[in-house]
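Residue-level listing of the chains:
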Amino acid sequence: MLVYAAIVALLMFDRGLAITPDVLAIAFGLAAILLGRGRLFLRDWLPFIALLMAYELMRGLADDAGIGVHVGDMVTADRLLAFGYIPTQVLQELLRPASGLDPVAIAATVVYMLHFVLPLVTGFLLWVWRRPQYYDFVASLILLSMWGFVTYLLIPAAPPWYAADRGALAGPDGRPLIAYLKPGAFETIAQALGFDGRYLYSFAFAGVNPNAVAAWPSLHVAYPFLSFLVLRRAFGRIGWLAFAYMLLVSFSVIYTGDHWISDCLAGVAYAYVAYYAVVHAPARARLWRRSGAAP
C-alpha cells in the first residue's frame, strides 16, 4: 500500500495532474480493489465523494446572493483578537524577504493546496480499520461543509487580501499593509515542477468557481481539526499529528493573506460543533452508522 501510494503521488506530480478530490478518490478506489474491498468501496464512498464534489461545485455560488460583503468588521475583529495587530501583517513583516524567493510563502501555498487531502486520507484510514467510525466522520464532514456553505451565503466575509485590495488595510502612505502571496508562490511552484502550460485539472474541477468572499469560517482549518477529533478518538495519541497539521494550515492561510485569525478560530468551533452533533446524537438519528446497533 505504501509503494502504491508513492507511485500515485509520483505520477500526479510528474504528469502535472492536480490532486483534486475526485482524482484522489479514483486512487483510493484502486487501493480498495487491491485490498479486496472494491464493491464495499463503491457502496460507502460514492455518496461521500458525490456530496463533497457537489459542495465544491456550488461553493462559488454563495457570493452571488447580493448580500453586502463584510470587510471593515473583519479587520476590527482581528485587531481585537491580536491586541491591535493584524496577524498577517506581523507574519509577513517578520518572515517575508524584501526581494527574491519567499520559501515560507511557497511552503504555505503547498499546504493550502493540499488542505482537502487530509480529510480524504482520514476517511480512508477509518474505512479500512475503524469502519463504524467512518460513517460518523462522513456525517460530520458533510454537516460541517453544508453549515459553512450556509454561512458563506448569509455572511459573506472578505479575506485579508480582499480587504487590502479595497483600501481597508492601508498604511499611512495609502499602500496595502499586506501582500497576497499565494498567486506568486503558485507560479513559482508551477515553474519549478515544469507545469507551465501542462498543469492539468480533473474534468469535474476544471470549471469550479471559487468564492472570493468565503473567509469566515475557514474550512481549510476546520477540515484538519475535524480529522484531529476523529483520529484521536479512533487511534489515540497519533491523532495529535492532525492537530499539528491544523496549526500548520492556520499559519499558512494567515501568512499568505487568505484568512484572518478569526476565520481559523471559527473553523475550529464549526468543526467541533459538527463533530459533537453527530457523535453525541441519539443512535436512532445516526443515519450514517451501519453497525446494526439497535437504537
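Up top is the structure.
Because the structure is a prediction, the values reported are computed rather than measured.

*Asks:* Quick rundown of the overall build of the protein? Include the residues and the values.
*Replies:* Along its length, the protein carries 13 helices and 0 strands. Reading the protein from its N end, one meets helices and strands in the order α-α-α-α-α-α-α-α-α-α-α-α-α. A total of 295 residues make up the protein; the buried ones form 49% of that total. In the protein, 82% of the contacts between residues at least 6 apart in sequence involve partners at least 24 apart. Carbon and sulfur atoms make up 68% of the accessible area of the protein, which totals about 14700 Å².

*Asks:* Which residues make up unusual backbone geometry, and what values do they have?
*Replies:* In this chain, W216 is followed by P217 through a cis amide linkage whose omega measures 0 degrees. Here P217 is to be found in the loop between α10 (182-192) and α11 (219-235). Even without being a glycine, F83 presents a positive backbone phi close to 55 degrees. Looking at the element boundaries, F83 is found in the loop between α4 (72-81) and α5 (87-95).

*Asks:* I'd like a rundown of the pattern of salt bridges, residues and numbers included.
*Replies:* This model, assessed by the stated rule, comprises 2 salt bridges. Put simply, D136 and R233 hold a salt bridge, and the shortest N to O gap is 3.4 Å. Separated by 97 residues along the polypeptide, D136 in helix α8 (residues 131-154) and R233 in helix α11 bring together distant segments of the chain. For K182, the salt bridge identified is with D258, shortest N-O distance 3.4 Å. You can see K182 sitting in helix α10 and its partner D258 sitting in the loop between α12 (240-256) and α13 (261-279), a full 76 residues away along the chain.

*Asks:* Can you break down the nonpolar core residue by residue, with the values?
*Replies:* Counting 54 residues, the largest nonpolar core has W45, Y134, L144 and L226 as the members making the most contacts within it. It is α11 that provides the largest number of residues to this core, a total of 11 residues. Ranked by size, the runner-up nonpolar core spans 15 residues in total, among them A158, A164, L169 and A215.

*Asks:* Explain the packing of aromatic side chains residue by residue, including any values.
*Replies:* Describing an aromatic ring pair means giving the distance of the ring centres and the angle of the ring planes. According to the stated counting rule, one finds 12 aromatic pairs in the structure shown. Relative to Y255, the ring of F251 has its centre 5.8 Å away and its plane inclined at 5 degrees; by these criteria the two rings are stacked. You can see F251 and its partner Y255 sitting in helix α12, 4 residues apart, about one turn around the helix. A residue is classified by how much of its surface remains accessible, and F251, at 29% relative accessible area, is partly exposed. Taking the relative accessible area as the measure of exposure, Y255 reaches 0% and is therefore buried. Cluster of aromatic residues (ring-pair linked, three or more members): F225, F228, W240 and F243.

*Asks:* An account of the packing of α11 against α13 is needed here, citing residue identities and associated values.
*Replies:* Where α11 contacts α13, the two axes come as close as 8 Å, and the packing angle between them is 40 degrees. Compared by their axis directions, α11 and α13 come out oblique. Handedness of the crossing formed by α11 with α13: right-handed. Within the contact between the two elements, α11 uses V221, A222, F225, L226, L229, V230 and R233 and α13 uses C264, G267, V268, A271, Y272, Y275 and V279. Its residues assigned to classes, the contact of α11 with α13 comprises 12 nonpolar, 1 polar and 1 charged.

*Asks:* Could you give me a rundown of the side chain of Q92, with the residues and numbers involved?
*Replies:* Locating Q92 in the fold gives a position in helix α5. For Q92, the side chain forms a polar contact with the main-chain oxygen of Y255, separated by 2.9 Å. Not counting the four nearest positions on each side in its chain, Q92 is found in contact with I178, A179, L181, Y255, T256 and G257.

*Asks:* Describe α5, with residues and values.
*Replies:* Turning to α5, its buried residues are P87, T88, Q89, L91 and Q92. Buried positions along α5 lie against α4, α9 (160-165), α12 and α13.

*Asks:* Hey, could you go over the packing of α5 against α12 for me, with residue numbers and the actual values?
*Replies:* Contact pair α5 / α12: the axes reach a minimum separation of 8 Å and the direction vectors enclose 85 degrees. Judged by the inter-axis angle, α5 sits roughly perpendicular to α12. Packed against α5, whose contacting residues are P87, T88, L91, Q92 and L95, the element α12 presents F251, I254, Y255 and T256 at the interface. Among the residues making up the contact of α5 with α12, the classes are represented as 6 nonpolar, 3 polar and no charged.

*Asks:* Now, about a nonpolar patch on the surface: what can you tell me, with residues and values included?
*Replies:* Residues W147, Y272, V273 and Y276 make up a contiguous nonpolar surface patch of roughly 390 Å² in combined accessible area. Ranked by residues supplied to the nonpolar patch, first place goes to α13 with 3 residues. Mapped onto the secondary structure, V273 falls in helix α13. On the basis of relative accessible area, V273 is assigned to the partly exposed category, the value being 43%.

Reading the values: the criteria
Along each chain, residue indices are assigned from 1 in the same order as the chain's sequence is written. In keeping with the predicted nature of the model, local features appear solely for residues at pLDDT of at least 70, side-chain atom pairs appear and are counted solely at 80 or more, and the whole-chain, interface and lining totals rest on all residues. Hydrogens are left out, water is left out, and the side-chain values use all remaining heavy atoms of the structure. Strands here mean DSSP runs of E at least two residues long; helices mean DSSP runs of H or I at least four residues long; both are numbered from the N terminus. Burial classes: relative accessible area under 20% of the type maximum marks a residue as buried, over 50% as exposed, and values in between as partly exposed (1.4 Å probe, protein chains only). By definition in these notes, contact holds between two residues if any of their heavy atoms fall within 4.5 Å. We get accessible surface area from the Shrake-Rupley algorithm with a probe of 1.4 Å; when it comes to residues, only the shown protein chains can shield them. Salt bridge, as used here, is a side-chain nitrogen of Lys or Arg placed within 4 Å of a carboxyl oxygen of Asp or Glu. Definition of nonpolar core: a set of buried residues of the types Ala, Val, Leu, Ile, Met, Phe, Trp, Tyr and Cys, connected through side-chain atoms within 4.5 Å. Stacked, tilted and edge-to-face are the three classes applied to pairs of Phe, Tyr and Trp rings, where Trp contributes its six-membered ring and a pair requires centres within 6.5 Å; stacked means planes under 30 degrees apart, edge-to-face means over 60, and tilted covers the rest. The convention used is that axes are lines fitted to C-alpha atoms, helices contributing only their stretch in contact, and that angles between N-to-C directions extend from 0 to 180 degrees. Should an angle lie under 35 degrees it is considered roughly parallel, over 145 roughly antiparallel, and from 65 to 115 roughly perpendicular; all remaining angles are considered oblique. Should the near helix be turned anticlockwise from the far one by less than a right angle, the crossing is termed left-handed; should it be turned clockwise, right-handed. Side-chain classes follow a simple rule in which Ala, Val, Leu, Ile, Met, Phe, Trp, Tyr, Cys and Pro form the nonpolar group, Asp, Glu, Lys and Arg form the charged group, and the remainder, Gly included, forms the polar group. Here a polar contact is recorded for every N or O atom pair within 3.5 Å, except that within protein the pair must consist of a potential hydrogen donor and a potential acceptor, and residues adjacent in sequence are included only if both atoms are side-chain atoms. Residues enter a patch when their relative accessible area is above 30% and they make no salt bridge; the linking distance is 9 Å between like charges and 5 Å between nonpolar side chains (Val, Leu, Ile, Met, Phe, Trp, Tyr).

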